[in-house]
Amino acid sequence: MVLGMAAPLLFVAARPLTLALRALAPGRVRRRIVALAHSGAVAALLFPPLAAALDVGGLWLLYRTELFAATAHRPLLHGLVLAHMTLAGLLFALAVCQLDPVRRRRGLAVRGTVLLAAGAAHGVLARTLYAGPPPGTGFVAADLRAGAQWMYYGGDVAEAGLAVLLGVGWYTGAGRARARRGRRDSS
């Protein structure tokens with residue numbers, strides 16, 4: 001929960017690209033960071049439906065196949081799954097919030113719709129886990145239900161945080177646009 005949802009939310013709220021660009025002196029490193037942020041590959045990865053599919057789809061794959069049971073006995077696989085969850089959560093948060101300057105900013109309607117759809121898919125997954133354990137595992141019913149509740153309600157909190165960041169980004173962007181129009185009209 002912390003690696004896949006809370007940490008990415010806090011990381012995105014810190015606006016790391018904006019911070020790096022402000023902290024770095026003009027030069028080659030800064031130009032390379034801007035070139036990378038504006039690259040086609042980053043724009044493709046930050047397409048909200050793709051990021052949501054990687055994030056929520058990865059969770060469905062983990063908990064609705066034998067993969068979760070396999071991670072209990074294979075430390076390398078467990079580490080890879082944790083890395084995927086963290087990176088997919090970060091990618092999803094970056095794609096939905098888009099607080100940093102990137103090449104192709106998606107509209108609020110697309111990002112909001114993807115956030116709602118991903119939240120619904122996450123909630124359905126948590127409910128299926130409440131009803132039955134991941135294949136190949138032998139969880140006690142009380143532990144399974146407690147974990148599913150953490151996933152359901154914790155996911156709601158993280159998604160509400162993403163919605164707040166989405167709203168803040170929209171509000172500040174609308175305020176900047178209004179200020180530009182005011183300056184242009186007064187000139």
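Overview of the structure. Please read all numbers here as calculations on a predicted model, not as lab measurements. (Residues numbered from 1 in each chain as written. Predicted model: local features only at pLDDT ≥ 70, side-chain atom pairs only at ≥ 80, totals over all residues. Heavy atoms only, no water.)

If you tally the helices and strands in the protein chain, you get nine helices and zero strands. Listed N to C, the secondary structure of the protein chain is α-α-α-α-α-α-α-α-α in terms of helices and strands. Projecting the C-alpha coordinates of the protein chain onto the three principal axes gives extents of approximately 70 × 35 × 25 Å. The buried share among the 187 residues of the protein chain stands at 34%. Of the contacts made within the protein chain by residues no fewer than 6 positions apart, 75% connect residues no fewer than 24 positions apart. About 11100 Å² of surface is accessible on the protein chain, with carbon and sulfur atoms providing 69% of the total. In the protein chain, 21 positive and 7 negative side-chain charges are present, and the distance between their average locations comes to 16 Å. (Helix = DSSP H or I, 4+ residues; strand = E, 2+ residues; numbered from the N terminus. Buried < 20%, exposed > 50% of the residue type's maximum accessible area, 1.4 Å probe, protein only. Contact = heavy atoms within 4.5 Å. Areas by Shrake-Rupley, 256 points an atom, 1.4 Å probe, with all protein chains shown as cover. Lys, Arg positive; Asp, Glu negative; His and termini not counted. Charge placed at Lys NZ, Arg CZ, Asp CG, Glu CD.)

Let's shift gears to the side chain of glutamate 159. Its place among the elements puts glutamate 159 in helix 9 (residues 141-186). The buried charged residue glutamate 159 lacks any salt bridge partner; its closest oppositely charged side chain belongs to arginine 127, at an N-O distance of 11 Å. Ignoring sequence-local partners within four residues, the contact set of glutamate 159 consists of Met5, Leu115, Ala118, Gly119 and His122. (Salt bridge = Lys/Arg side-chain N within 4 Å of Asp/Glu carboxyl O.)

By size, the foremost hydrophobic cluster in this structure holds 20 residues, and its most contacted members are Val12, Phe92, Cys97, Leu115, Leu162 and Leu165. Contributing elements (two or more residues each) for this core: helix 1 (2-13), helix 5 (48-64), helix 7 (75-97), helix 8 (108-131) and helix 9. Leu62, Val81, Met85 and Ala126 belong to the second largest nonpolar core, which has ten residues in total. (Core = buried A, V, L, I, M, F, W, Y, C linked by side-chain atoms within 4.5 Å.)

For the rest of this paragraph, the subject is the packing of aromatic side chains. Applying the stated criterion across every chain yields a total of three aromatic pairs. A centroid spacing of 6.0 Å and a plane angle of 40° characterise the contact between phenylalanine 68 and phenylalanine 139, whose relative ring orientation is tilted. Residue phenylalanine 68 is found in helix 6 (residues 67-71), and its partner phenylalanine 139 is found in the loop between helix 8 and helix 9; the two are separated by 71 residues along the sequence. Taking relative accessible area as the criterion, phenylalanine 139 reaches 41% and is therefore assigned partly exposed. Judged by centre distance (5.0 Å) and plane angle (90°), the rings of tyrosine 152 and tyrosine 153 are edge-to-face. For tyrosine 152, a relative accessible area of 22% puts it in the partly exposed group. (Phe/Tyr/Trp six-rings, centres within 6.5 Å; stacked < 30°, edge-to-face > 60°.)

Taken together, Leu45, Phe47, Leu50 and Leu54 make up a surface patch of nonpolar side chains, about 300 Å² in accessible area. Considering the arrangement of structural elements, one finds leucine 54 in helix 5. (Patch = residues over 30% accessible without salt bridge, like charges linked within 9 Å, V, L, I, M, F, W, Y side chains within 5 Å.)

A surface patch of like charges, here positive, comprises Arg15, Arg22, Arg105, Arg176, Arg178, Arg180, Arg181, Arg183 and Arg184. With six residues, the single largest contributor to the positive patch is helix 9. One can find arginine 105 in the loop between helix 7 and helix 8. You can call arginine 105 partly exposed: its relative accessible area is 47%.

Another aspect to go through is helix 7. Relative to the 33 Å expected for 23 residues at 1.5 Å per residue, helix 7 spans 33 Å between its end C-alpha atoms, a close match to the ideal helical length. Taken together, the buried positions of helix 7 are Val81, Met85, Ala88, Gly89, Leu91, Phe92, Ala93, Ala95, Val96 and Cys97. Contacts from the buried residues of helix 7 go to helix 1, helix 4 (40-45), helix 5, helix 6, helix 8 and helix 9. Positive backbone phi, approximately 45°, marks glutamine 98, located one or two places after helix 7. (Expected span 1.5 Å × (residues − 1).)

The topology assignment puts glutamine 98 in the loop between helix 7 and helix 8. According to the relative accessible area criterion, glutamine 98 is buried, its value standing at 2%. A polar side-chain atom of glutamine 98 sits 2.9 Å from the main-chain amide nitrogen of arginine 106. Glutamine 98 has contacts with Leu46, Ala93, Arg104, Arg105, Arg106 and Arg111, leaving out every residue within four places of it along the chain. (Polar contact = N/O pair within 3.5 Å; in protein donor to acceptor, adjacent residues only side chain to side chain.)

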